[in-house]
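Coordinates in review
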Amino acid sequence: MAKISININSGSIQKEDPIVGIDLGTTNSLVAIIDKDSKKAKALKGKGQSVIVPSLLHFGTNEEIIVGQSARSFLMDAPERTVYSVKRLMGKSFGDIHEHASYFSYKIIDQDAEELVKIRIGNKFYSPIELSSFILKELKYRAEQELGTEVKRAVITVPAYFNDAQRQATRDAGKLAGLEVLRIVNEPTAASLAYGIGLDKEELKHVAVYDLGGGTFDVSILRITQGIFEVLSTHGDTYLGGDDFDRAIYQYWSEKYSIPELEGADIQSLRLSAEEAKKALSSSEHFTKTLQLGGKDYSLELSKDALKACISPVLERTKAACLLALKESGIALDELDEVVLVGGSTRTPAVKEAVQSYFPNVHINDSLNPDEVVALGAAVEADILAGNRKDLLLLDVTPLSLGIETLGGLMDVIIPRNSKVPAKVGKSYTTSVDGQVNLKVSVYQGERELVAENRKLAEFILKGIPAMPAGFPKILVNFILNADGILKVEAMEERSGVKQDIEVKPQYGLSDAEVEEMLLASITHAEADVKTRMLLEAKNEANQLIYLTERFLEKNESMLTDDELQQSSLLVNDLRNSLESNDKDIILGHIDELNEYTRPFAERLMDISISKALKGKSLET
Ligand code: AMP
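Rules used in this analysis
Residues numbered from 1 in each chain as written. Predicted model: local features only at pLDDT ≥ 70, side-chain atom pairs only at ≥ 80, totals over all residues. Heavy atoms only, no water. Pairing = 2+ DSSP bridges. Helix = DSSP H or I, 4+ residues; strand = E, 2+ residues; numbered from the N terminus. Contact = heavy atoms within 4.5 Å. Axes fitted to C-alpha atoms, helices over the stretch in contact; angles between N-to-C directions. Expected span 1.5 Å × (residues − 1). Buried < 20%, exposed > 50% of the residue type's maximum accessible area, 1.4 Å probe, protein only. Near = heavy atom within 4 Å. Polar contact = N/O pair within 3.5 Å; in protein donor to acceptor, adjacent residues only side chain to side chain. Areas by Shrake-Rupley, 256 points an atom, 1.4 Å probe, with all protein chains shown as cover. Nonpolar A, V, L, I, M, F, W, Y, C, P; charged D, E, K, R; others polar. Domains from an automatic or database assignment. Parallel < 35°, antiparallel > 145°, perpendicular 65-115°, else oblique. Left-handed = near helix turned anticlockwise from the far one by under 90°. Salt bridge = Lys/Arg side-chain N within 4 Å of Asp/Glu carboxyl O.

Strand order in the open sheet made by the three strands is β10-β11-β12, with antiparallel pairing throughout. Strands at the two margins of the open sheet, each flanked by one partner only, are β10 (107-108) and β12 (124-126). Each of β11 (119-121) and β12 is contacted by helix α3 (residues 128-147), which is oriented at about 80° to β12, the strand it contacts most.

Counted at 1.5 Å a residue, the expected span for helix α10 (residues 373-385) with its 13 residues is 18 Å, and the 18 Å between its end C-alpha atoms agrees. Counted residue by residue, α10 has twelve buried out of 13 residues, so it is predominantly covered. In the segment just after α10, G387 is the residue with positive phi, at about 85°.

Not every one of the 16 residues close to the ligand is listed here, only the nearest: T27, N28, E275, K278 and S282. A distance of 2.8 Å is found between an oxygen atom of the ligand and a side-chain nitrogen or oxygen belonging to T27. R347 is positioned with one of its side-chain polar atoms (N or O) 3.4 Å from a nitrogen atom of the ligand. Here the ligand, which alone exposes 500 Å², has 85% of that area covered by the protein. Secondary structure elements with two or more residues in the shell around the ligand: α6 (242-256) and α7 (264-280). Ranked by residue count, the leading element in the shell around the ligand is α7, at three residues. The residue inventory of the shell around the ligand, partitioned by class, reads no nonpolar, ten polar and six charged. Per-domain counts for the shell around the ligand show at least three residues from each of domain 1 (16-240 + 313-395) and domain 2 (242-312).

Our focus in this paragraph is the packing of α3 against helix α4 (residues 164-176). In the contact formed by α3 and α4, the axes pass within 8 Å of each other and the chain directions differ by 55°. The angle between the axes of α3 and α4 places the two elements in the oblique class. Between α3 and α4 lies a crossing whose hand is right-handed. Where α3 abuts α4, its residues I129, E130, S132, S133, L136 and K137 lie against A169, D172, A173, G174 and L176. For the contact of α3 with α4, the residue count by class is five nonpolar, three polar and three charged.

Attention now goes to the pattern of salt bridges. Per the stated rule, a full pass over the model turns up 26 salt bridges. One salt bridge connects K289 with E276, and the closest N-O pair in it is separated by 2.8 Å. Here K289, found in strand β18 (residues 286-293), pairs with E276, found in helix α7; they are 13 residues apart in sequence, far enough to count as distant. Taking the relative accessible area as the measure of exposure, K289 reaches 22% and is therefore partly exposed. Linked by salt bridges that have partners in common, D35, K42 and E146 make up one network.

In short, the description is geometric, and any link to function would need to be established separately.
Structure follows, in structure tokens:
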């Protein structure tokens, strides 16, 4: 029975039904909760054999859906009706994944590169959201079995590099499974929480979370303070993991024992033996096994040193990502407080040794089961949301900056990346032309200085601004980002009260690789971008000044001497010509010259409004 209590502060009724934490993984999924008695996080298995539910689905010919371990045998027997790695498809269009299409043995519909992918099983079509919801339903069911009560609320984890579309898809999958998703949490955040890192609000911690699973790898550097988990950087490879170790061992044996090219089930047997050897060497020194392949017996051996040699090229790739992530995070190695290991592959001792060598002298947290750590952390977050840990509030952050286009195609960031959500930020703008009655607000996401290099999310036109001289209207643009990462943009001309708003729907089709690429590109191109921005800003300023000065001269002709008029026009022309130079310093030089010359007039004529407008920032019409 669910208990009901009343929140004394708000007077609202609170139901004490359980909130579970879910790790919806590429290979494996788990559900966990904080145990009422021990107050510790524990993974739930219900009546299942293990707490781990392989993220596998088999669709039987009689419409039955088998989830988890029982679906495994169908990977070989009925590959076209058995779905794995559905997480890789979340929030993706076919265009996003086509280069990896051969990785999937089931049918991915490829009619429209722009549309969200669908998977065809027999003559039915399923979206990744529906498929994920079947896995979530299984987890919900197991939790209910074990807890003996209905489970309706959950926290679900996603990789730090997941974009809005992928987060939204995960949330939708939860909804479809009958779960109210209270929060989407970053996996490295959850992993840190599982170790209690971040639970002391006063502490400032820098943490590296190294997550090496079966087929995916990522490393994230977090800054944690005051309940805010900020992802400073994240790198990785969504097609790198323990499976590559198995392949390397397979290759090593094939060469060592001159095993001829294998076929069918033999390939699978040798691959499974490679995995078995790798796992065995996590707790013993040597591995031997006799295996029959193609009618011949092979005595397979693997030493720890041989394993190390096999996996070292794979580890080198993770090293590069770790070093890059650290560099990009902007923190020094000696500022790093903790490393957290996540994912089954970190059980291999050589992996831990390697990670320690990338982050020398930094304490490694590996006492928890690396398969469970993300789910356990999600349970901690669930417990916080349930209000069981007083005055702790965890905040998520936005992965990419949000802003609008200003004159010259520049990106004016309103909510920077890594801002906490929910967030509301406003910025004032003005018009650039006299009598401008419409103003276009184009919303972009990304890190580059030019909007053309970023991703357009939405656009709307603020209409009906009363005609006023350029620089007079005061247009407030508000970005309101809710806890789900959904953005609402409002624009209002404050003098007249003309208002317009738009909800920016999550955009599907930006792959995690693209998000990573956008972040990387912003770093690679930072210098060139800054140069372009400075030149464009100088040009904008020049154009504004030319326009306003000419108007000023026209309006106030009678109050100026011929000499002053002539000299001003000359300087305006010089400034106009300097635009051709495409050299910001030359342009700025002419701006200064013209400003210097005309400033006394403005002061003299006390036309403060115009001199104010000279400084205004403008949007495009
Ligand atoms: P995950 O995706 O986090 O579930 O990780 C699965 C990967 O961990 C697979 O490549 C497994 O082969 C690997 N793994 C599981 N147990 C062990 C172990 N004891 N030693 C080494 N690797 C393991």
